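Descriptive analysis of the structure
Okay, here's what each chain looks like letter by letter:
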Amino acid sequence: MNILADVWYQVIRHWRTQIRMKVWIFVNLFQPILWLVLFTQIFKSLSNLPEMGGSSYLQFFAPGVVVMTVLFGSAWAGMGMLYDIDMGILSKMLATPVSRISIVSSRVLASMTLLLLQGTIIFILALIMGVDIQTGAPGVIFALFIVSLLGLGFAAFSNGLALLYQRPEPLMGTINFLTMPMMFMSSTMMKPELLPDWLDTARHFNPVDYAVVGVRDLVLEGYVWSDLWKSLAVLGAWAIVGLIFGTMMFRLRAE
Amino acid sequence: MAIIETERLTKIFPGGVTAVDGIDLEVREGEIFGFLGPNGAGKTTTIKMLNTLLRPTSGKAIVAGFDVVKNPADVRRSIGYVAQDVGVDEHATGRENLTLYGHFYRLDSKTIKERVKNLFALVDLEGVEDKMVSTYSGGMRKRLDIAMGLIHEPKIIFLDEPTVGLDPQTRTHIWDYVRRLAKSMGITIFLTTHYMDEADKLADRLAIIDRGKIMALGTPDDLKRSVGGDVVTLSPCNTGPAECAAFLERTRAVLSGLSFVKGVQTADGEVSVFVESGEAAAPGIMRALGGAGIEIQRLSVSRPTLDDVFLKYTGRTIRAQEGSATTFAQMARKRNRRPS
């Protein structure tokens, strides 16, 4: 119970910090909207290709925007941890009886709430723009669950890296180095049929792709359980590995 | 009664640096215990072992009745820790910072509210509770930082270099708060400092630490008395460093032989002679040096300070060790702070 209380009070702290950054809120809410509008314009002519099966690129890409938003948002979650390390807040906290697990997990949870809010906004916007969601509201909740597993893993990894490096430059470098290729080496922006063979193979080792496939199924096809089970299993494992890494780095650096 | 007890407490960092070298300590309940030493002497490492942030390599430490290795959680509940770096969240208000710590110690909301009010009064931050900490001055942040270490009414509070980087007026204020704490709350205070005046003014008892070892222990007055009645300081040389070193050595040799001299130390191009009475000893010192053909530029007599104590027990001055390296380290640590 103490752990839950510790998590709760720290999540409130992180929410409060986020809400006070007006510019940050604005940017985070408008970026996915920009992607949705801009990218579907850029790649509009792709829907003329026979491989697209006649559906519009917006219809195809909307699930990808949800995944991208969560991917980029959660990958940066460790930056806040750096502030706590640098200001001496972390070491001061460690001299209190506060539960150790709550320090990383409250940060991960606080970033997740924002990402889920963003995800919901994208879905609503996609609906307004004419995207037809096959599985309806329950499917949207299912999709948000899938992306939250992806985000959980990334946020935990990001916090772990922050603890490992203890400074912003290598953290920023690593995040840029990983997130961009991970997005492109998946079917986020391109149908698998349109990818070169080697990329079509590589995407099967990429958690981002499992999130995209799962969410896209729910939006375009319905409950394709053969895909959905795989997504849940891989992303569940991804989240667990991330949390183990984050906790290990915490032990290594903070104890 | 001892509230902190250590037995051969040792910390050797990976790479083989011995930061703390077999320290035996006894801190009594309710006292202000000072830990005086230059930067890098092992003060912070000792504090971090006592507050469970670092695991001792060997030896034992009992804090508030609990072993720091076996019962770290009990130790954490009994202590408050105010680190050298101010560990407050700038992007929150003073009240939010303090309240969060109340929750960390599992106090109920009503108790927290009450104590927050009292603590803001204690550290003179009434009226700015709900302002963002980013608008606080350096001294206000430090006071909030100290209040955060007190929210659970600990038995012991560790203050690591509480006035580093603060202006003289703010330092005097912080000293007042520390004294007030000890008096009004009956808290045992374990304080580290490399400032002589701070140790002298605040500490009931004092340990002098250098290179990980305790060199002397006692009340500031006892320690000063142990040096002798007076210190006669001679500045015998104004030549190059090589001749100077030889000169200092000869002076020391001559003066060590005198019956009324209790001790001689040389450092920073000066010779400190510890004697019973400076006025009575000065002519004898002049005569002896004159006889040996040593010319003195300047002679002064003073009551011993803790600096002399430090010199006597370590053979070095604490001033000489305030090198540029530590100043840069402190600047680096402050690099992200706004000016206070």
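In this report, the structure presented in the accompanying data block is examined.

About the thresholds
- Residues numbered from 1 in each chain as written.
- Chains lettered and ligands numbered in written order.
- Predicted model: local features only at pLDDT ≥ 70, side-chain atom pairs only at ≥ 80, totals over all residues.
- Heavy atoms only, no water.
- Helix = DSSP H or I, 4+ residues; strand = E, 2+ residues; numbered from the N terminus.
- Buried < 20%, exposed > 50% of the residue type's maximum accessible area, 1.4 Å probe, protein only.
- Areas by Shrake-Rupley, 256 points an atom, 1.4 Å probe, with all protein chains shown as cover.
- Lys, Arg positive; Asp, Glu negative; His and termini not counted.
- Charge placed at Lys NZ, Arg CZ, Asp CG, Glu CD.
- Core = buried A, V, L, I, M, F, W, Y, C linked by side-chain atoms within 4.5 Å.
- Contact = heavy atoms within 4.5 Å.
- 1 Å grid on protein atoms, 1.4 Å probe; cavity = no way out; pocket = protein on both sides within 12 Å on 5 of 7 lines; lining within 4 Å.
- Points joined across faces, edges and corners; volume = space filled by probe spheres on them.
- Nonpolar A, V, L, I, M, F, W, Y, C, P; charged D, E, K, R; others polar.
- Phe/Tyr/Trp six-rings, centres within 6.5 Å; stacked < 30°, edge-to-face > 60°.
- Lys NZ or Arg CZ within 6 Å of the ring centre and 35° of its normal.
- Pairing = 2+ DSSP bridges.
- Axes fitted to C-alpha atoms, helices over the stretch in contact; angles between N-to-C directions.
- Expected span 1.5 Å × (residues − 1).
- Arc of directions from axis to C-beta.

1. Looking at the overall build of chain B
Helices and strands together make up the secondary structure of chain B, namely 12 helices and 14 strands. Taken along the three principal axes of its C-alpha coordinates, chain B extends 75 × 40 × 40 Å. Taken across its 340 residues, chain B has 54% of its residues classed as buried. Put simply, chain B shows about 14800 Å² of open surface, and 51% of that area lies on carbon and sulfur atoms. Averaging the positions of the 45 positive and the 43 negative side-chain charges in chain B gives two centres separated by 3 Å.

2. Things to note about the nonpolar core
Counting residues in hydrophobic clusters, the biggest one holds 137 residues, and the most contacted among them are Phe123 and Ile146 of chain A together with Ile4, Val63, Phe158, Ile189 and Phe190 of chain B. Of the residues forming this core, the biggest block, 14 residues, is contributed by helix α7 (residues 136-165) of chain A. When neighbours within four sequence positions are excluded, Phe123 of chain A is seen to be in contact with Val66, Ile133, Val140, Ala143, Leu144, Val215 and Val219 of chain A. By size, the runner-up hydrophobic cluster in this structure holds 16 residues, among which are Val273, Val275, Ile294 and Ile296 of chain B.

3. Observations regarding empty space enclosed by the protein
Enumeration according to the criterion identifies 3 cavities of 30 Å³ or more in this entry. Around the largest cavity sit 14 residues that line it, and Arg13 of chain A together with Asp89, Asn97, Leu100 and Tyr101 of chain B are the ones nearest its centre. For the lining of the largest cavity, the elements supplying multiple residues, two or more each, are α1 (2-20) and α5 (89-94) of chain A together with α3 (94-104) of chain B. The element that contributes the greatest number of residues to the lining of the largest cavity is α3 of chain B, accounting for 5 residues. Grouping the constituent residues of the lining of the largest cavity by class yields 8 nonpolar, 2 polar and 4 charged.

4. Structural notes on the packing of aromatic side chains
Tallying each qualifying case throughout the model produces 20 aromatic pairs over all chains. Relative to Trp15 of chain A, the ring of Trp8 of chain A lies with its centre 6.0 Å away and its plane at 90°, an arrangement referred to as edge-to-face. Given the relative accessible area of 30%, Trp15 of chain A is considered partly exposed. With centroids separated by 5.9 Å and ring planes inclined at 10°, the aromatic side chains of Tyr223 of chain A and Trp225 of chain A adopt a geometry described as stacked. For Tyr223 of chain A, a relative accessible area of 39% corresponds to the partly exposed category. Exposure remark for Trp225 of chain A: the relative accessible area of 39% places this residue in the partly exposed category. Sitting over the face of the ring of Tyr101 of chain B, Lys92 of chain A holds its NZ or CZ atom 5.7 Å from the ring centroid.

5. Comments concerning the sheet that holds strand β13 (residues 270-275) of chain B
Residue and element names in this part refer to chain B. An order of β12-β13-β11-β14 is seen for the 4 strands of this open sheet, with the pairing classed as antiparallel. Looking at which strands have only one partner, the edges of the open sheet turn out to be β12 (261-267) and β14 (298-302). In this sheet, adjacent strand axes meet at a mean angle of 20° when their direction is disregarded. Two strands pair when backbone bridges link them, and β12 and β13 are joined in this way by 6 bridges, in the antiparallel orientation. Bridging from a neighbouring strand, Gln265 pairs with Ser272 of β13. Its contacts with the sheet place helix α10 (residues 278-291) against β11 (230-235), β13 and β14, and it is angled at close to 35° to β11.

6. Some thoughts on the pairing of strand β2 (residues 18-28) of chain B
Residues and elements named next belong to chain B. In this structure, strand β1 (residues 2-12) lies alongside β2, joined through 7 bridges in antiparallel fashion. Looking across to β2, one finds that Ile4 is bridged to Val27. Where β1 hands over to β2, the hairpin turn is made up of 5 residues, of which Gly15 adopts a positive phi near 105°.

7. Structural notes on helix α9 (residues 241-256) of chain B
Residue pairs three or four apart in sequence face the same way in an α-helix, which turns once every 3.6 residues. Residue and element names in this part refer to chain B. Given a rise of 1.5 Å per residue, 16 residues ought to cover 22 Å, and the 22 Å separating the end C-alpha atoms of α9 matches this to within 8%. Among the residues making up α9, those that are buried are Cys244, Leu248, Thr251 and Leu255. Looking down the long axis of α9, one finds its buried residues gathered within 65° of arc, a one-sided arrangement. Among the exposed residues of α9, those oriented more than 90 degrees off its buried face are Ala242 and Ala253. Buried residues belonging to α9 abut β11, β12, β13 and α10.

8. What to know about the layout of surface pockets
Taking a probe equal in size to a water molecule and rolling it over the atoms shows the remaining empty space. All names here are of chain A. In this structure, the second largest pocket spans a volume of roughly 780 Å³. In this structure, the second largest pocket is lined by 30 residues; those nearest its centre are Gln18, Met21, Trp24, Trp76 and Gly80. Elements with a contribution of two residues or more to the lining of the second largest pocket: α1, α2 (22-42), α3 (57-75), α4 (79-86) and α6 (100-128). Residues of the lining of the second largest pocket, tallied by class, amount to 14 nonpolar, 11 polar and 5 charged.

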